[in-house]
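The lines below spell out each chain.
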Amino acid sequence: MPLHRKSKHKHQSGYVGEDIFSASATRHSVPRYKLPKHSMPAKTGYQLVRDELYLDGNSRQNLATFCTTWAEDEVQRLMADCFDKNMIDKDEYPQTAEIESRCVHMLADLWNAQDSEDTIGCSTTGSSEAAMLGGLALKWQWRKRQKDNGKSIEKPNLVCGPVQVCWHKFARYFDVELREIPLDGNEVCMNPDKTRQYVDENTIGVVATLGVTFTCVYEPVEEIARALDVIEKETGLDIPIHVDAASGGFVAPFIQPNLAWDFRIARVKSINTSGHKFGLAPLGVGWVIWRDAGELPEDLIFHVDYLGGDMPTFALNFSRPGGEIIAQYYNLIRLGFEGYREIQQACVDTAIWLGEQVTEMGPFDIFYNGKGGLPAIGYSLKPGKWGFDLYDLSDRLRMRGWQIASYPLPSNRQDTVIQRIMIRHGISRDMAALLAEDMRRAIEYFSTHPIAASEPRPTSSHSGRSSSS
């Protein structure tokens, strides 16, 4: 018979096998604003932080966000493999830099660049940074044209429709007047016929949005280009277009391949997109591509002698992780064109199905049914006494974990409040059915427990609205 003896050996947190929740570190609140005096075991620290994270919403049920909330195990492993790779150290990590370059050329080809192998572009921390880089290139090109013609460079402006807050930031940070064309009547995006009222010789460019944050529709890039062609013919003003394809850049090529919005249109000089939205990459990667190298002024490119070699860079930041770029490349080669098409089509089909379910519920008017734009739906509340408004419905659904965006439309349509549901990769038909059931239960609840009318209150930051003017 073996003999067993109790060990008196101790470790830092007490006896071997001590329960985490009886350890001294867990018997007090975690420090909020001051470093603790003593360290704690890694497992204890992990458990304490993880427990706090349970108070966050479930990202999979966050149907307000456009961003990736589901990824294959292989993506998560690649992210872990690359957590120590700094994307800026291109001499230290030349293959990661090569993979970034491959992604740029793949996207240029996807967006019908005439010579995708000779296209210039870069990765960014997201579509907001990418949009700002595109805007800076427009400003620099405009400034050069003005100087060459002996004209003032004091008052640049940028013309757009209803845009995400990143463009308001660009205008404020880089001293550009933002001329946002308002929505009138039943308009849901920029009306090309209005551009004539807003452009002049100080216009650095027009931003067309492929997937408007508020309404999920595509702005008619080809029609906007034609309107600018007419303006050039009549006034001589040659005004370029930047396409903000933060969401649509990874949807339209697969679902609406015949739609002309990209480099097939000569006036489109640059395009930005978000890899971590419908590009299916994890959070933290965007892309900006220029039609050709001539559209990116050399003055904006920094050549840094870093870690022993020349490193050309165009970015608003410096160090950032390489994992998201690697994950983007993995998705591109793993899924290919057909894989992306199947995923995005499944999302569109689910959005259309959910729109039909919402229509049948009774209180709602469908504002956007998921057809022709992003995989999403939007709807407003029909006139009448329903016992709730859309903000109340968002709050009620939150009790079941669903996060649904409710907000008024921008500029001149503020009286129209809509609710928007995004359908992303990982949102199955079954999940959509569960949401529809919860919506029906909420409507039934409000029929017997009506809520008094309240002030409009956007329920999420995912409307892309700026909170200050």
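Residues numbered from 1 in each chain as written. Predicted model: local features only at pLDDT ≥ 70, side-chain atom pairs only at ≥ 80, totals over all residues. Heavy atoms only, no water.

Caption draft 1: Seen up close, the nonpolar core. Ile 241, Val 243 and Trp 261 are the most contacted members of the largest nonpolar core, which has 68 residues in total. Not counting chain neighbours up to four residues away, the residues in contact with Val 243 comprise Ala 208, Leu 210, Val 221, Trp 261, Val 268, Ser 270, Ile 271 and Asn 272. In terms of nonpolar packing, the next biggest core, distinct from the first, is built from 27 residues, Leu 63, Tyr 379, Leu 393 and Ile 427 among them. (Core = buried A, V, L, I, M, F, W, Y, C linked by side-chain atoms within 4.5 Å. Buried < 20%, exposed > 50% of the residue type's maximum accessible area, 1.4 Å probe, protein only. Contact = heavy atoms within 4.5 Å.)

Caption draft 2: Helix 4 (residues 127-148), seen in detail. With 22 residues, helix 4 should reach 32 Å at 1.5 Å per residue; the first-to-last C-alpha distance of 32 Å fits that figure. Of the residues trailing helix 4, Gly 150 is marked for its positive phi of about 70°. (Helix = DSSP H or I, 4+ residues; strand = E, 2+ residues; numbered from the N terminus. Expected span 1.5 Å × (residues − 1).)

Caption draft 3: Structural context of empty space enclosed by the protein. Summed over the entire model, instances satisfying the criterion amount to one cavity of 30 Å³ or more. As a volume, the largest cavity reaches approximately 50 Å³. Surrounding the largest cavity, Phe 66, Cys 67, Thr 68, Trp 70, Lys 277, Phe 278, Leu 280, Arg 424 and His 425 form its lining. Looking at the lining of the largest cavity, its residues break down into five nonpolar, two polar and two charged. (1 Å grid on protein atoms, 1.4 Å probe; cavity = no way out; pocket = protein on both sides within 12 Å on 5 of 7 lines; lining within 4 Å. Points joined across faces, edges and corners; volume = space filled by probe spheres on them. Nonpolar A, V, L, I, M, F, W, Y, C, P; charged D, E, K, R; others polar.)

Caption draft 4: Representation of the side chain of Ser 123. Following the sequence through the fold, Ser 123 ends up in strand 3 (residues 120-124). There is a polar contact of 2.5 Å between the side chain of Ser 123 and the side chain of Glu 100. At 2.6 Å, the side chain of Ser 123 and the side chain of Arg 320 are in polar contact. Apart from residues no more than four positions distant in its own chain, Ser 123 is found in contact with Glu 100, Gly 286, Trp 287, Arg 320 and Ile 325. (Polar contact = N/O pair within 3.5 Å; in protein donor to acceptor, adjacent residues only side chain to side chain.)

Caption draft 5: Region of the structure containing the packing of aromatic side chains. Tallied over the entire structure, the rule returns 12 aromatic pairs. Ring centres 6.1 Å apart and planes at 70° place the aromatic pair Trp 111 and Trp 261 in the edge-to-face group. Taken together, the residues span a long stretch of sequence, with Trp 111 in the loop between helix 3 (94-110) and strand 3 and Trp 261 in the loop between helix 8 (252-255) and strand 8 (268-274) at a distance of 150 residues. With a relative accessible area of 1%, Trp 261 lands in the buried category. Connected via pairs of aromatic rings, a cluster forms that spans Phe 364, Tyr 379, Phe 388, Tyr 445 and Phe 446. Above the plane of the ring of Phe 66 lies Lys 277, whose end atom (NZ or CZ) is 5.5 Å from the centre. A cation sits over an aromatic face here: Arg 396 above Tyr 445, 3.6 Å from the ring centre. (Phe/Tyr/Trp six-rings, centres within 6.5 Å; stacked < 30°, edge-to-face > 60°. Lys NZ or Arg CZ within 6 Å of the ring centre and 35° of its normal.)

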